[in-house]
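Now for the letters of each chain:
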Amino acid sequence: MTPDTIEALLEFDRDHLWHPYASMVQPPPAYPVVAASGVRLELADGRQLIDGMSSWWSAIHGYNHPVLNAAATQQLSELSHVMFGGITHPAAVELGRRLLAICPPGLERVFYCDSGSVAVEVAIKMAFQYWIAQGQNQRDKLLTVKHGYHGDTFAAMSVCDPLNGMHHLFTGVMSQHLFAEAPACRFDQPFEEQHIEGLKTLLQDHQERIAAVIIEPIVQGAGGMRFYAPAYLARLRELCDEFGVLLIADEIATGFGRSGKLFACEHAGISPDIMCIGKALTGGYLSFAATLCTTHVSDTVCSGEAGALMHGPTFMANPLACAISSASIDLLLAQDWRSNIARIESMLGRHLAPARELAGVAEVRVLGAIGVIEMHEPVDMATIQRRFVDAGIWIRPFGKLVYVMPPYIIDDDDLRTLATTLVRILAMS
Ligand SMILES: *Cc1c(COP(=O)(O)O)cnc(C)c1O
């Protein structure tokens, strides 16, 4: 692109296109990407950036992947979309078969939806309908932990961290739910009963009002990038059973191998009653998600007065998205993805470790293909972003968190460059 074309593009963008969590009065800089292939994003001026974000957890196989492209092209020539009301199609069935084969045992029903936030809405609706069907309409509360992130729609937002989810902004228009402290025991620390005492007390005190506990298994993503002990999750499963409330696992960020297990629930060997997946489902090609549940949940929901789950998005089970998702799952399972994630984990561990010596750094932590550097103070996003781009890497920090979750296909050289450049730039800042 010529400099003039680029400037015109950026000018229209600045004037008219709203970006995530961005001001339209003082728009933050946006970098024009015109193509992407493998782990590289290509900017309009021809510069190439090593992608450290997988476009927010999703592009696990990298960009412009021949296998996913072929699946999309094939499906496009057959059926790009058809309504799912009263109609089914092979792409939906094929994907359903694959999901049931790999998801935690006990999950037997699949509800396809358009995005992660919608999958969370559907999960919450399932939980409420489950109780309404049993005449327990008083169960109008959800219980969750602080530092969670579940999406930006209203029900999802109401279970996000109350502070960084900006609950005060929406007081009065957002449902009020129950929050326990975030799990205090780190991934590799021994779990003790006291770590879950607060949550247990809330379960005890509000037992008759709680419909479900919703939590991100093992990895708290956008709400703090924290990794907690599998034993905490195992104990939470026990408590949900003991108190008779449903457990919703939000695997939207963790699903499809990111944490070192196909689904993070596997770290604790548990199955939730309801599970949300999204993000990496299509390998980052399209917005798509699903909510899965047990037969017990679906049977109960459907035995109620409504007789059905009261939800049905227009683009439900979009065939293109289904076909690409199936291809993405096959691609993942056809490789030794476990050793590959272990490779990324050990490289990130090694090359991010020097950041521990930097003055501004509070903590460095790595799990699976996720590397996090937590600073003492929030970083100046615009400044640090420009430094990253000038150095040829794409990383998008938020607040005090500078983190990477690269596409799984990243090779050792690019991974080393990504991590060492990141640390070098933090050292300068
Ligand atoms: C990203 C995310 C969501 C929301 O998904 P969207 O596709 O952005 O709506 C929900 N839960 C978790 C854990 C996420 O990481």
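Cut-off values and rules
- Residues numbered from 1 in each chain as written.
- Predicted model: local features only at pLDDT ≥ 70, side-chain atom pairs only at ≥ 80, totals over all residues.
- Heavy atoms only, no water.
- Helix = DSSP H or I, 4+ residues; strand = E, 2+ residues; numbered from the N terminus.
- Rg over C-alpha atoms; globule rule 2.2 N^0.38 Å.
- Buried < 20%, exposed > 50% of the residue type's maximum accessible area, 1.4 Å probe, protein only.
- Contact = heavy atoms within 4.5 Å.
- Areas by Shrake-Rupley, 256 points an atom, 1.4 Å probe, with all protein chains shown as cover.
- Expected span 1.5 Å × (residues − 1).
- Arc of directions from axis to C-beta.
- Pairing = 2+ DSSP bridges.
- Near = heavy atom within 4 Å.
- Polar contact = N/O pair within 3.5 Å; in protein donor to acceptor, adjacent residues only side chain to side chain.
- Nonpolar A, V, L, I, M, F, W, Y, C, P; charged D, E, K, R; others polar.
- Lys, Arg positive; Asp, Glu negative; His and termini not counted.
- Salt bridge = Lys/Arg side-chain N within 4 Å of Asp/Glu carboxyl O.
- Domains from an automatic or database assignment.
- Buried area = accessible area lost by both parts, 1.4 Å probe.
- Phe/Tyr/Trp six-rings, centres within 6.5 Å; stacked < 30°, edge-to-face > 60°.
- Lys NZ or Arg CZ within 6 Å of the ring centre and 35° of its normal.
- Core = buried A, V, L, I, M, F, W, Y, C linked by side-chain atoms within 4.5 Å.

Looking only at helices and strands, the protein features 14 helices and 16 strands. A globule of 429 residues ought to have a C-alpha radius of gyration of about 22 Å, and the protein, at 22 Å, matches this closely. Sorting the 429 residues of the protein into buried and exposed places 51% on the buried side. Counting contacts in the protein only where the partners sit at least 6 residues apart, residues at least 24 apart contribute 71% of the total. Counting every atom, the protein has about 18300 Å² of accessible surface; 55% of that belongs to carbon and sulfur.

For the rest of this paragraph, the subject is helix α1 (residues 3–16). For an α-helix the count is 3.6 residues per turn, leaving residues at separations of three or four pointing the same way. Between its terminal C-alpha atoms α1 stretches 20 Å, which fits the 20 Å expected from 14 residues at 1.5 Å a residue. For α1, the set of buried residues is I6, L10 and D13. When α1 is viewed along its axis, its buried side chains cluster within an angular range of 60° and face the same direction. With respect to the buried face of α1, the exposed residues turned more than 90 degrees away are D4 and H16.

Let's shift gears to the sheet that holds strand β15 (residues 393–394). Pairing within the open sheet is mixed, and its 4 strands lie in the order β1-β2-β3-β15. In the strand order of this sheet, the two ends are held by β1 (33–37) and β15, each with one partner.

This brings us to the site of the ligand. Residues in close proximity to the ligand include S115, G116, S117, Y149, H150, G151, E216, D250, I252, A253 and K279, which together make up its full environment. Contact between the ligand and G116: an oxygen atom at 2.9 Å from a main-chain N or O atom of the residue. For the ligand, a nitrogen atom lies 2.7 Å from a polar atom in the side chain of D250. In isolation the ligand has 380 Å² of accessible area, and contact with the protein removes 83% of it. Residue composition of the shell around the ligand, grouped by class: 3 nonpolar, 5 polar and 3 charged.

This paragraph deals with the side chain of D161. Along the chain, the position of D161 falls in the loop between α6 (154–157) and β6 (178–180). Buried and without a salt bridge, D161 has K146 as its closest oppositely charged side chain, separated by 7.1 Å. Of the polar contacts made by the side chain of D161, one reaches the backbone nitrogen of N164; its length is 2.9 Å. Leaving out residues up to four positions away in the same chain, D161 has contacts with K146, H147, G148, M166 and H167.

What follows concerns the domain arrangement of the protein. One frequent convention defines the size of an interface as the accessible area lost when the parts assemble. On domain assignment, one finds that the protein holds domain 1 (31–64 + 336–428) and domain 2 (68–333). Inter-centroid distance (C-alpha atoms) of domain 1 to domain 2 is 27 Å. Between domain 1 and domain 2 lies a buried interface of about 2300 Å² when both sides are counted; carbon and sulfur atoms form 65% of it. Across the pair E363 and R186 runs a salt bridge whose closest N-O atoms are separated by 2.5 Å. Scanning the region where domain 1 abuts domain 2 turns up 12 residue pairs in polar contact (both at pLDDT 80 or more). For the side of domain 1 that touches domain 2, the secondary structure elements donating two or more residues are α2 (54–57), α12 (337–352), β13 (361–367), β14 (370–375) and β16 (401–404). The leading source of residues in the side of domain 1 that touches domain 2 is β13, at 4 residues.

What follows concerns the packing of aromatic side chains. Tallied over the entire structure, the rule returns 9 aromatic pairs. Taking 5.4 Å as the distance between ring centres and 75° as the angle between the ring planes, the aromatic pair formed by Y228 and Y232 counts as edge-to-face. The two residues Y228 and Y232 agree in class, both being buried. Ring geometry for F256 versus F263: centroids 5.3 Å apart, planes at 65°, classification edge-to-face. F263 shares its class with F256; the two are buried. Among the aromatic residues, those joined into a ring-pair cluster are F84, Y112 and F288. In this structure, R139 is placed above the aromatic ring of W131, and the distance from its NZ or CZ to the ring centre is 3.9 Å.

Right, let's get into the side chain of T421. Residue placement: T421 occurs in helix α14 (residues 412–428). Judged by relative accessible area, which is 4%, T421 ranks as buried.

This next bit is on the nonpolar core. One recurring pattern in soluble globular proteins: nonpolar side chains tend to sit buried together. With 129 residues, the main nonpolar core has L199, F256, I373 and L422 as its most contacted residues. Mapped onto the domain boundaries, this core takes at least three residues apiece from domain 1 (31–64 + 336–428) and domain 2 (68–333). Here I373 is in contact with L352, A355, V361, E363, V364, K400, L401, V402, L422, V423 and L426, once residues within four sequence places are set aside. With 6 residues, the next largest nonpolar core counts A71, A72, A327 and L331 among its residues.

So, about unusual backbone geometry. Even without glycine at this site, N64 takes up a positive phi of about 55°. Tracing the backbone through its elements, the reader meets N64 in the loop between α2 and α3 (66–78). Assessed through its relative accessible area of 44%, N64 is described here as partly exposed. Backbone geometry at F256 places phi at a positive 70°, although glycine is not the residue there. Note on placement: F256 falls in the loop between β10 (246–250) and α9 (265–268).

The next subject is helix α11 (residues 319–333). Between the first and last C-alpha of α11 there are 21 Å, a value that for 15 residues agrees with the 21 Å anticipated at 1.5 Å per step. Counting buried residues along α11, 13 of its 15 residues qualify, which places the element largely inside the surrounding structure.

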